[in-house]
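Structure assessment
One letter stands for each residue in the lines below.
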Amino acid sequence: MKFRKTKDEEPTAPGQVRIKKRSKVPGVMITQYVEQIPEGSSHPDFTRKPIALTIQEGKLAVFKAIVTGNPTPTVTWKRNNGDIDPERCKSIFDPNSHEHQLQMPDVSADLTDTYKCYAVNEFGKAVVTAGLNVIEVGFKKNKALQESRQEKQQLSASYTHLLKARAERPKEEKKEGEPDEKFWELLLSADKKDYERICLEYGVTDFRWMLKKLNEKRQEREEEQAQFVSHIANLKPIEVKSEGCAEFEFEMDLKDPNSRIFLYKDGVMVPFTADGGEKHCLKQVGKKFVFSVKDLNPEDAGMYQVDVEGVNIFSTDFKVPKVEFVVKIQEVKAIEREDAVFECVVSHPLEKITWLGKNVPLAQGEKYDIEVSEDKLIHRLVVKDCLQLDKGIYAACAGIKSCNAWLVVEADPDPSTQGKRKARKTTTAGGSGMDLAKIAAEQNEKFQAERAEMMEKVKQAQDEAARLKAEQDAAAAAAAAAAAAEAAAQKAAAGEGNAGEATGSEGSTGADKTAGEAGKSTVTTKKTVKKTVKKTVTKPKPVQEGGQEGGDAVPEAGGTVEVEEEIEVEEVVEVEEVIEVAAIIDGAPGEGEGEGEGEGGEKKKRVRTGPLVPDTVIDPGVYFTCGLSDVNAIMGESAELVCKLSSENCDGVWYKDGKELTSSEEGLSLVKDGAYHKLVISKCTEEDAGKYRFEADGRKTEAMVIVEDPPRFDPDDLANFSETVIIKAGQSATFKLSFVGRGPIKVQWYSEDEELLDDTHIKIEKSSSQSRLLLSKCQRKQSGEIKIKLKNEFGTIEALSKLIVTDKPTPPLSPVEIVEASANLVEIKWRAPKDDGGCPVLNYNLERQQLGRNTWKKIGLIPGVPHYKDTDVDHGRKYCYRIRAITSEGTSEVMETDDIQAGTKAYPGPPSTPKVVSAFKDCINLSWTPPTNTGGTNIVGYNLEKRKRGSNLWGFVNPLDEPIKAKEAKEYGVRDVVEGIEYEFRVSAINFSGAGEPSAPSEFVFARDPKKPPGKVIDLKVTDSTYTSLSLGWTKPKEEEGVQDEAKGYYVELRPAENTEWTRCNSNLIITTSFTIIGLKSMAMYWVRVIAMNEGGDGEPRDLDNYIIAMPPPVRPTFTDRKMKSFMVVRAGNSTRVNINFMASPMPKITWLKDGMPITKRVTVSNADGTSQLLLPSSERTDTGIYTIILKNIVGQETFSTEIRVTDDPKPPGPVELEQNVPGTVTVSWTASPDEKRDDRLHYIVMKRDSVKRTWQTVAERVFNNNYTAVNIMPGREYYFRVYAKNDMGQSEPSESRKWEVIRKKEKFTLNMPESKNCTFEAAPSFLVPLKTRSSPESYECYMSCAVSGNPAPYITWYRNNVSINTNTNYFISNTCGVCSLLILKVGAKDNGEYKIMAENQHGRAECTTKLTVRE
């Protein structure tokens, strides 16, 4: 019993084999025809397969495929149901993209099917399928679609007929040719506001035709784009964004994120990168794509196009103007709140240039003013109200040229504004400092001279062309006269007998007929003349009577006239087009005196006499060198419109809203100043707003006058308002200001930039023409800046005033400084009042009270200096003082001092520790500083004491009655010393009360001559280092008598690599030969040196041989976790974490890669000291791959890779079918699981159950193909099979087969006893089913089998690489009923090679070989 196969297989040719191969592209089936493919050749395969399409009826469906193979495969397309209609389906090959396409325009429901693409060469065949699903529209839409198709067919037929009819009509004048495809590409990607500019550039004037054609092309383009892009918006053309870089961008939503994107420049593909390393770069942020071109040069000009899978998405034209900076912008230094001005001059007129501030494009607004001169050569940027945050680099970009300069904003040096909000200044800073107008005028003269020179060349070329045309016209006229004479002579001979019989009407008819006949002759003559004239410009000979020329025979009427005679040559020219000759025939006279006339045809020709100026360069005549510009005029002020013509001898007419203007109109003045034409409006009103036009010599220019009515102040009222208002506390202040402007006007009042609102003491009055602010019961704190701000739809204006509220001063500030408090004098100082009340302090009023008394003694008024000496004091008494400040506004509150004692016993504090300046054998020089606490009186002297080492007694150096003077404290020499003895010193200060406490003792010093400085330290080295510290060690320098003495201590100095100054790390000498520097900056470079020191001074420094980096000792990156997983299986949707622990110094650069490419943004990487983590928040199947971490530092590099496989429980395989190829066996085949394409580790398990055992048994595991041959199939039993799909995550539901049974045939036993003959059934071995080539992943099972026959049963031997493996325990070998099998439990790299099975018996031997390839 035989079951039908799931798919019919084509028979193989003799000598061919059929080896099934698996492609890298899922879904591609490969059949190899030969066992061994020659080197350099390959079987067909698909690198890009066609994808299934679901498309609406009536659209364009395209299958695309790219194939490989050597020799080049032949590609064909087929469909499952029926044949492919070549008229509806077109197979196309694109040699540029190497794509094979099957295009089906205007698809309908009957094209829904499964399509196959075959790639075949002599070594094999590759097949892939793709489905097409056509969505039918509704009944009405379908009917309308069919009707539209019929109409298209009828229109096509009628159009063909129309073309035939037109071919018979006279040819109409040919219109201007359509623009090239570049024109349409630009329009499809441009904004509507740019249509006019593009049409003007390409010379298109028929806008209706353009819009109609554009809509058709846009529909076609949208249909093409719909295959790959679901949405596209925000198309921005290319423009220079920063210095040396141009960008264009758009937003695009790709249906397939893996779709390929191509960039073309002028039709040539341009490579680009995503990391910005190349000249052309693509950056994608979400749906936004930004293309940039770096390092601009003139060769970068051209049209740039972006394609997705061969479909154009966006086109933009990049033009590089030929312009240079004649004057570049200069550095500007501005004070806060000033305006800064940058100016430049360009070589050619430009409407605008790009201004950048800190690499950000700047636009006209409240912060920036961008101005352009009338001749468009001077460009100016004004940065208004400069603040500290505005400082930086500003740049001007014109095309690909740029210049930049710094804006330096300095603080306001005015001390009165310290700590206060600074007022806006009206001054400006900057400017080039040159006469830009003069430079621009010179540049404009050069430009106009170049233009005039070009126009002169054009005019000369036109004159030469006109001269040649005149010569051609003369030649054509001569030829026409000759042809007309011949025709007239022929007609006269033919109609001689009928000339007098015709009536007027008949004469007219005859004339018409004659004209028609002459016209026929003209056609033939025209050709002949064309040939003749093409050779020469001729001068015809005289024509004889009778119409004959030169005695030639006259041809018959209505016949063909040929001019064959030679014509004299005057000048040789070439005429490209036909010259039509008209014959004028006079009719015979009659009653009606009718006459027939023939009209001459047009002459169309083009003459070449050498190279001509391009057709696009023409003489423009009078033109505008400077057109009108829109004017924003202020109500009541004058406005001026100015334009300039190229000629001074041309007048023009002014129009307003289509109405002509004259000088007689009130308020208007029309002025002509040479080539300048001006329209001046003296006092603008609302009626003056509108569109103004100036026309001259057929040229015109237009501009709008917009009359604005912003708020404005009356100058007189503003002057009064700006005056400072001074009032006393408690009084009221009034501010009033009138204004004009179109309402509504918003009025706001401010005090010190805080808005004022109606309150108890604040009243604001507003009207349509003025506003009034009333501040009642003002306090001192309300002093400050008063501002009024007006705003309407046309603008904003401000006015400032100042309010000063005077009051009595605040008390003087305490505490009081006691300058001196002696027995007969108390001198004190204090600070002036914090607020003087708006008036200067005139006097201070002092009172004194002696402690213990209740009365205050009035000292009186003193000048306004906060200082007083009181000499009327008693020794030992304490006094308290009251101080008041007096101004013109009153007297302040009192400030009372603490008790001050006159002549108290206040001893001074200790001076500083004496410092040894120098030491000799007979003198030691010391210095010290006075005490900070003088005891309230002046220091009058010092007592100096000394003590020998080891002694407890201090002895005075100076006599007690002769203290050391205060001025000698800077340096004092002690001469009462003994050579070789070591001393220490201390000092005490003396004031009027006596001597104070002594200072701390100085360091011990020997009374001997100075020592020599020590030498350099020895063996300076780094003993340890971290990211923040550095440990040093060294050996003390050697002593050399008379050269260098012993070191007493050491200083360690440090210098960062970027600095030039050394800093000491220890403030005090260290006596040890080691030191640790702390507080270093991680990974910073430092220079280190050590200086030895003794009493003789500093020795020479010892530097390290090289700089030191603040870091631990370098360590090559190593991974510390020995149990890192190299393979992970993750269920789709779960999060995945990969933790890597490492050790390295310095901290390495950590890079994660996926399949050798940078990871995407959805993967999160967290790095810390010694660890790195990779996180996939929600795993998807596309995350499957090999993830590699690269650790790299200055010492070395280390990598580790782990494979992450994101999968899910597999879906069950398709239907299972059974087939018997060999008796006793059954071949189980099934359709692959849908997950097989996405999981290369998916395999199958086959289970069997028969009618006897009734239990399911596993007969095959780890099956990687879609069929399996089961053996030991017994007749008469029923068999059932199950197939499971299994992967690393789990096992699928089973797919079950139908019942399989081989019916045992019972035949009636009949015994026929034939004659006995000697018969034998013995035969040599032969293979019924050969071995097949195997390819298995590493560490998986591999099963290979074959069927062999022979009698007697042959002996089976297995070989690997010609070595017997029958006794090898790594292979499981079986032979069941001739079915020989070999099972490798765990495939490894050692199992690669050729496997051979040999069957032999006494009658012969048979061999069969195969190859096993182990995949990593």
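Residues numbered from 1 in each chain as written. Predicted model: local features only at pLDDT ≥ 70, side-chain atom pairs only at ≥ 80, totals over all residues. Heavy atoms only, no water.

Taken together, the side chains of F1309, L1311 and M1313 present a nonpolar region at the surface, about 440 Å² in accessible area. For F1309, a relative accessible area of 69% corresponds to the exposed category. (Patch = residues over 30% accessible without salt bridge, like charges linked within 9 Å, V, L, I, M, F, W, Y side chains within 5 Å. Areas by Shrake-Rupley, 256 points an atom, 1.4 Å probe, with all protein chains shown as cover. Salt bridge = Lys/Arg side-chain N within 4 Å of Asp/Glu carboxyl O. Buried < 20%, exposed > 50% of the residue type's maximum accessible area, 1.4 Å probe, protein only.)

Let us look at the sheet that holds strand β50 (residues 795-806). Taken in spatial order, the 5 strands of this open sheet run β43-β50-β49-β45-β46, and their pairing is mixed. Two strands close off the open sheet at either side, each with one partner strand: β43 (725-728) and β46 (754-755). With 6 bridges connecting them, strand β45 (residues 746-751) and strand β49 (residues 784-792) associate as antiparallel partners. The residue of β49 that forms the bridge with K746 is K791. Its contacts with the sheet place helix α7 (residues 715-722) against β45, β49 and β50, and it is angled at close to 35 degrees to β50. (Pairing = 2+ DSSP bridges. Helix = DSSP H or I, 4+ residues; strand = E, 2+ residues; numbered from the N terminus. Contact = heavy atoms within 4.5 Å. Axes fitted to C-alpha atoms, helices over the stretch in contact; angles between N-to-C directions.)

Quick look at the sheet that holds strand β72 (residues 1074-1077) now. The strand order across the open sheet formed by 3 strands is β68-β69-β72, and the pairing between neighbours is antiparallel. Two strands close off the open sheet at either side, each with one partner strand: β68 (1018-1025) and β72. Within this sheet the neighbouring strands show an average axis-to-axis angle of 20 degrees, counted without direction. Relative to β72, strand β69 (residues 1030-1035) runs antiparallel, the two sharing 4 bridges. Within the sheet, the bridge partner assigned to G1033 lies in β72 and is S1074.

On the secondary structure map, N312 appears in strand β18 (residues 311-318). Of note is the side chain of N312, whose polar atom sits 3.4 Å from the side chain of S315. Excluding residues that lie within four positions of it along the chain, N312 makes contacts with E185, R221, Q225, Q305, V306 and D307. (Polar contact = N/O pair within 3.5 Å; in protein donor to acceptor, adjacent residues only side chain to side chain.)

Turning next to the packing of aromatic side chains. Tallied over the full model, the rule gives 24 aromatic pairs. For the ring pair F1119 and F1200, a centre distance of 5.9 Å and an interplane angle of 55 degrees mean the geometry is tilted. Of this pair, F1119 sits in strand β77 (residues 1115-1119) while F1200 is found in strand β85 (residues 1197-1207), placing the two residues 81 residues apart along the sequence. Just above the ring of W1062 sits the side chain of R1089; from NZ or CZ to the centre is 4.2 Å. (Phe/Tyr/Trp six-rings, centres within 6.5 Å; stacked < 30°, edge-to-face > 60°. Lys NZ or Arg CZ within 6 Å of the ring centre and 35° of its normal.)

Our focus in this paragraph is the pairing of strand β6 (residues 74-79). Covered by surrounding structure in β6 are V75, W77 and R79 only, the residues T74, T76 and K78 on the alternate face being uncovered. Pairing of β6 with strand β9 (residues 113-121), which is carried by 6 bridges, proceeds in the antiparallel orientation. Each residue of the ladder has a partner; that of W77, found in β9, is C117.

Remark: a regular strand shows side chains that alternate across the two faces of the sheet. Pairing analysis gives 4 bridges linking strand β20 (residues 332-335) to strand β27 (residues 401-410), with the strands arranged parallel. Within the sheet, the bridge partner assigned to K333 lies in β27 and is V408. By the bridge criterion, 7 bridges tie strand β26 (residues 392-398) to β27 in an arrangement that is antiparallel. Paired with A398 across the two strands is K401, which belongs to β27. Following β26, the chain reverses through 2 residues before pairing antiparallel with β27; G399 in that reversal takes a positive phi of roughly 65 degrees.

For the rest of this paragraph, the subject is a negative patch on the surface. On the surface, E216, E220, E222 and E223 cluster together into a patch of negative charge. Structurally, E222 can be placed in helix α4 (residues 207-225). For E222, a relative accessible area of 46% gives the class partly exposed. (Lys, Arg positive; Asp, Glu negative; His and termini not counted. Charge placed at Lys NZ, Arg CZ, Asp CG, Glu CD.)

Take the nonpolar core next. In this structure, F342, W355, L381, V383, Y394 and L407 are the most contacted members of the largest nonpolar core, which totals 31 residues. Where this core is concerned, the elements lending two or more residues are β19 (325-327), β20, β21 (339-346), β25 (378-383), β26, β27 and α5 (436-494). Among the elements that take part in this core, β21 stands out by supplying 5 residues, more than any other. Beyond its immediate chain neighbours, meaning those up to four positions away, L381 contacts A340, V341, F342, W355, L362, Y368, D369, I370 and Y394. Membership of the second largest hydrophobic core comes to 28 residues, among which are F228, F250, Y304 and L356. (Core = buried A, V, L, I, M, F, W, Y, C linked by side-chain atoms within 4.5 Å.)

A separate point is the side chain of N1066. Position of N1066 among the secondary structure elements: in the loop between β71 (1063-1064) and β72. Given a relative accessible area of 7%, N1066 falls into the buried group. Within polar-contact distance, the side chain of N1066 engages the backbone oxygen of Y1050 at 3.0 Å. Side-chain polar atoms of N1066 contact the backbone oxygen of N1068, separated by 2.9 Å. Non-local contacts of N1066, meaning those with residues more than four positions away in its chain, are made with Y1050, Y1051, V1052 and F1075.

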